[in-house]
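Summary of structural features
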Amino acid sequence: MEFPIKISSSLLSADFGNLTYEAMQAEKGGGCDIHLDIMDGHYCHNFSFGIDIIPALKKHIKIPLIAHLEIDNPDIFIDDFVLAGSDMIVVQEDTCPHLPITIATVKKRGIKAGIGINPDRGFEKLEANPEILEQIDLLIIMAVYPGFGGQPFSPVTIPKIEKACRMRKHRNVHFDIGVDGAVGPHTIPEIVKAGANYLIAGSSIFNDDNIIDNIKTLKDLVKKTLAETTVKNPRKDFV
Ligand code: DX5
Ligand code: ZN
């Protein structure tokens, strides 16, 4: 099975005075979706967007809108984010006391579900509840702690990507393996070589006005890396 490479644009690093335009540029540049970090000031030390960002962007954007819930108690907000029009909800596994129920609830609502794992956390919840792997659409290895764009890349990310690939293969399931945090020109080669196919990039797309060019730069680097990489974890070019 091949997993097409996807570039997801994390709007946290965009110009907050110009969000719609910047999201539209990311769509035009070929980003697969818009990644929205929802923060509550508890789980991570920041605030970002609220639920209303989803319908507001939906009026202008056709690509999927992903709600990455970097909040405590995500279970109580799932229906709000579904009703708002999220195309996928990603929860942080350490915020869910009963992860299988959380994932089943999202899937029952008819949208995609993902799980994020922080740098200091392992795969124990997935190993204890392997049925989750059949339900999720995306597993995100967090290369930074939730809260801010522009943080340094955690080196634990690479062996975790490799482990996630082994898990996926062993169970013959098909979720995307993503990396969130510090995805950019300096890290993409090792991330792609390790086997991830879903790259969530904030600063490296939105830190200047050249959003379309920046996505192209990341895509060109992915293509170059894939061309040089042996077929350990086969992936196709972009969707
Ligand atoms: C961190 C967020 C990331 C963030 C990544 O809380 O989950 O999505 O936007 O930003 P960069 O790409 O700048 O590290
Ligand atoms: Zn995120």
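Structure first, text after, so check above.
Residues numbered from 1 in each chain as written. Chains lettered and ligands numbered in written order. Predicted model: local features only at pLDDT ≥ 70, side-chain atom pairs only at ≥ 80, totals over all residues. Heavy atoms only, no water.

Digging into the overall build of the protein
- The number of helices and strands found in the protein is 10 helices and 8 strands.
- Compactness check: the protein gives a C-alpha radius of gyration of 16 Å against a globular reference of 18 Å for 239 residues, within 12% of the reference.
- With the C-alpha coordinates aligned to their principal axes, the bounding extent of the protein is approximately 45 × 45 × 30 Å.
- Expressed as a percentage of the 239 residues in the protein, the buried residues total 56%. (Helix = DSSP H or I, 4+ residues; strand = E, 2+ residues; numbered from the N terminus. Rg over C-alpha atoms; globule rule 2.2 N^0.38 Å. Buried < 20%, exposed > 50% of the residue type's maximum accessible area, 1.4 Å probe, protein only.)

A closer look at helix H10 (residues 211-228)
- For H10, spanning 18 residues, the distance from its first C-alpha to its last is 26 Å, which sits close to the expected 26 Å at 1.5 Å a residue.
- Ile211, Asn214, Ile215, Leu218, Lys219, Leu221, Val222, Thr225 and Leu226 are the residues of H10 that are buried. Buried residues along H10 cover an arc of 160° about the axis, so they all sit on one side. Opposite the buried face of H10, at more than 90 degrees from it, the exposed residues are Lys224, Ala227 and Glu228.
- Residues of H10 that are buried sit in contact with strand S1 (6-10), helix H1 (19-28), helix H8 (188-194), strand S8 (198-201) and helix H9 (203-206). (Expected span 1.5 Å × (residues − 1). Arc of directions from axis to C-beta. Contact = heavy atoms within 4.5 Å.)

Side note on the site of ligand 1
- Neighbouring residues of ligand 1: 20 residues in total, closest Ser10, Glu70, Asp180, Ala182 and Ser203.
- In the model, an oxygen atom of ligand 1 is placed 2.8 Å from a nitrogen or oxygen of the aspartate 37 side chain.
- Within the backbone of glycine 147, one N or O atom sits 2.8 Å away from an oxygen atom of ligand 1.
- In the complex, 99% of the free accessible area of ligand 1, which totals 380 Å², lies under the protein chains.
- Considering every element that reaches the shell around ligand 1, the biggest residue donor is strand S2 (residues 33-39), with 3 residues.
- For the shell around ligand 1, the residue count by class is 7 nonpolar, 10 polar and 3 charged. (Near = heavy atom within 4 Å. Polar contact = N/O pair within 3.5 Å; in protein donor to acceptor, adjacent residues only side chain to side chain. Areas by Shrake-Rupley, 256 points an atom, 1.4 Å probe, with all protein chains shown as cover. Nonpolar A, V, L, I, M, F, W, Y, C, P; charged D, E, K, R; others polar.)

Looking at the environment of phenylalanine 16
- Secondary-structure assignment places phenylalanine 16 in the loop between S1 and H1.
- As a C-alpha pair, phenylalanine 16 and phenylalanine 49 span 33 residues in sequence and 9.6 Å in three-dimensional space.
- Aside from chain neighbours lying at most four places away, what touches phenylalanine 16 is Leu11, Ser48 and Phe49.

Some words on the nonpolar core
- If you look at the biggest cluster of nonpolar residues, it comprises 69 residues, and the most contacted ones within it are Leu11, Ile34, Leu36, Leu126, Leu139, Ile161 and Leu199.
- At 6 residues, the largest contribution of residues to this core is made by H10.
- Aside from chain neighbours lying at most four places away, what touches leucine 36 is Leu11, Phe49, Ile53, Ile54, Leu57, Leu65, Ile66, Ala67 and His68.
- Counting residues in hydrophobic clusters, the runner-up holds 9 residues, among them Cys32, Met88, Met142 and Ile200. (Core = buried A, V, L, I, M, F, W, Y, C linked by side-chain atoms within 4.5 Å.)

Brief notes about the coordination of the zinc ion (ligand 2)
- Looking at the zinc ion (ligand 2), the protein donor atoms are His35 (NE2), Asp37 (OD), His68 (ND1) and Asp180 (OD), and they sit 2.0 to 2.3 Å from it.
- Here the zinc ion (ligand 2) is ringed by 6 donor atoms whose angles at the metal span 69 to 175°, and the overall shape comes out octahedral.
- Written as a sequence motif, the donor residues of the zinc ion (ligand 2) are H-x1-D-x30-H-x111-D. Taken as a pair, aspartate 37 in strand S2 and aspartate 180 in strand S7 (residues 176-180) lie far apart in primary sequence, 143 residues in all.
- Judged by relative accessible area, aspartate 37 falls into the buried class, the value being 3%. (Donors = N, O, S within 2.8 Å, 3.2 Å for Na, K, Ca; no water. Tetrahedral: all angles 85-135°; square planar, octahedral: opposite > 155°, others 65-115°.)

By themselves, these observations are geometric and do not establish any function.
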